[in-house]
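The primary structure of each chain is shown beneath.
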Amino acid sequence: MSEASDLPKKEEVEEEEVTPEPEEQSDDSSEDEAAGDNQMDFLRNLFSSTLGLGSAEKVLDELTLEGVARYIKSGKCKSIVCMVGAGISTSAGIPDFRSPGTGLYANLQKYNLPYPEAIFQIDYFKKHPEPFFALAKELYPGQFKPTICHYFIKMLKEKGLLGRCYSQNIDTLERVAGLEGNDLIEAHGTFYTSHCVSFGCRKEYNLDWMKEKIFSDDIPKCDKCQSLVKPDIVFFGESLPARFFTSMKMDFPRCDLLIVMGTSLQVQPFAGLVGRVSKSCPRLLINMEKAGQADPLLGMLGFGGGMDFDSDKAYRDVAHISTCDDGCLALADLLGWKAELEELVKTEHAKIDSQDKKEKSVESKGAAAKSSTASASAEPKAEDEHVKSPRSSLEATHASHSSLALMQVNFPPRRPDKSPNLS
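Structure report, in brief. Because the structure is predicted, anything quoted here is derived from the model rather than measured.

## Regarding the packing of helix α5 (residues 148-158) against helix α10 (residues 324-335)
Two quantities define a packed helix pair, namely the angle between the axes and the distance from one axis to the other. Between α5 and α10, the shortest axis-to-axis distance is 8 Å and the interhelical angle comes to 40 degrees. On the basis of their axis angle, the class for α5 and α10 is oblique. Counted together, Ile148, Cys149 and Phe152 of α5 and Cys324, Asp325, Cys328, Leu329, Leu331 and Ala332 of α10 form the full contact between these two elements. For the contact of α5 with α10, the class distribution of residues is eight nonpolar, no polar and one charged.

Given below as structure tokens:
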């Protein structure tokens, strides 16, 4: 699911209040420490600017995509951290959250929500889970193919350049594209596991169990205590995973290049990560509009962790305004990787299509077998009833067809083909 897949945030709501999963979610001390780090960063930048200390080295020879490509090819760039949001999944057919008219929030009227963000509010979910699970069925992981952008990140891994990918998305397409657990920080959680919401239970359920419930239109209830079961995605009012806070302290100080793609950088604490790289680390934004820019007043004073694309003091931030797929193709072309990237996308999509055909074939055979069994069991019953009381063969045939129709109604929906266009 994207921005079903950037899990966005309602500005008034803090993301750091409740800890539903002690062993996986961050505790209060981690979040307090992170807040303290942000304050220290601000003070450090303030004193550094005021006293003229810690001048940053200019690494890029040009603040363009070409300049970034030359830096990567120079061999000096050894650890690239990617920060990604819903924009990297829109070409797969998954809507982002905030785009006027087409974003997810603009199309939730059918769920009769008090406000759009309520569908991801933990308190609202516990009282009214139906809208979330109806939406989850539409956007469930496995119905979409990874995009060019996803496979570009996979190429960074294969070439030994990926330090880590920090994702706001919950659609799991990074995993489908080939990133593994150690490559990925799913800042807003994952559909891979689910847990009972009861603090006294917390029983865990796997992806297949949750998928069966969602596609059967059942509200998932715990087998043990009958409480709701929720996928391990981070709702408003819940804490981010503890691994988010521990990993960022290691990854960002050693980052040589930060690539930010498909995110509005409006969701904290995720957005604040851009200020955690060193002052010399170049930052590339690939997005449909500029995002994450520093407060103008703070920028004039020379401190603050936001992006600076346009001021006279800009020295490391590059904005490439395009779709994420087009931006990745353009960068891959400059690096000499374009043909390799296109072939990777073609090959991996073919594998997904082949697997889909196999699954549909198995489903069709299963449906045919059930139909045959239903017809076979219905015929003797009809004959017996015909002996006991006068019943026409037409009625028996109608009964058999009704059984088949009922089975077809319950048959799970097919996956739509929503592969991105490479042209």
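## So, the nonpolar core
Membership of the largest hydrophobic core comes to 41 residues, with the highest contact counts inside it found for Ile80, Cys82, Met261 and Leu341. Among the secondary structure elements, those contributing two or more residues to this core are α2 (65-73), β1 (80-84), α5, β2 (162-167), β7 (257-261), β8 (283-287), α10 and α11 (338-388). Residue contributions to this core peak at seven residues, all from α5. Each residue touching cysteine 82, except ones within four places of it in the same chain, is listed here: Ile153, Leu156, Leu162, Arg164, Cys165, Tyr166, Ile259 and Met261.

## As for the sheet that holds β1
Taken in spatial order, the six strands of this open sheet run β3-β2-β1-β7-β8-β9, and their pairing is parallel. Each edge of the sheet is formed by a strand with only one pairing partner; in this case those strands are β3 (184-186) and β9 (317-321). Each strand axis lies, on average, 15 degrees off the axis of its neighbour in the sheet, ignoring direction. Along the sheet face, helix α8 (residues 242-251) touches β1, β2 and β3 and points at about 145 degrees away from the line of β2.

## Notes on the side chain of histidine 349
Mapped onto the secondary structure, histidine 349 falls in helix α11. Residue histidine 349 is classed as buried on the basis of its relative accessible area, which comes to 7%.

## As for the pairing of β2
Within β2, five of the six residues are buried, which leaves the element mostly enclosed by the surrounding structure. Bridge count between β1 and β2: five bridges; the pairing is parallel. Each bridged residue has a counterpart across the sheet, and for isoleucine 80 the counterpart in β2 is leucine 162. Pairing of β2 with β3, which is carried by three bridges, proceeds in the parallel orientation. If you follow cysteine 165 over to β3, its bridge partner there is leucine 184.

## Considerations on helix α7 (residues 207-215)
Those residues of α7 lying buried are Trp209, Met210, Ile214 and Phe215. Close packing links the buried residues of α7 with α4 (130-138), β4 (189-196), β5 (204-206) and β6 (229-233). Its side-chain oxygen 3.3 Å from the backbone nitrogen of aspartate 208, asparagine 206 forms the N-cap of α7. Once α7 finishes, aspartate 217 follows within two positions and takes phi at roughly 60 degrees, a positive value.

Rules and cut-offs
- Residues numbered from 1 in each chain as written.
- Predicted model: local features only at pLDDT ≥ 70, side-chain atom pairs only at ≥ 80, totals over all residues.
- Heavy atoms only, no water.
- Axes fitted to C-alpha atoms, helices over the stretch in contact; angles between N-to-C directions.
- Helix = DSSP H or I, 4+ residues; strand = E, 2+ residues; numbered from the N terminus.
- Parallel < 35°, antiparallel > 145°, perpendicular 65-115°, else oblique.
- Contact = heavy atoms within 4.5 Å.
- Nonpolar A, V, L, I, M, F, W, Y, C, P; charged D, E, K, R; others polar.
- Core = buried A, V, L, I, M, F, W, Y, C linked by side-chain atoms within 4.5 Å.
- Buried < 20%, exposed > 50% of the residue type's maximum accessible area, 1.4 Å probe, protein only.
- Pairing = 2+ DSSP bridges.
- Polar contact = N/O pair within 3.5 Å; in protein donor to acceptor, adjacent residues only side chain to side chain.

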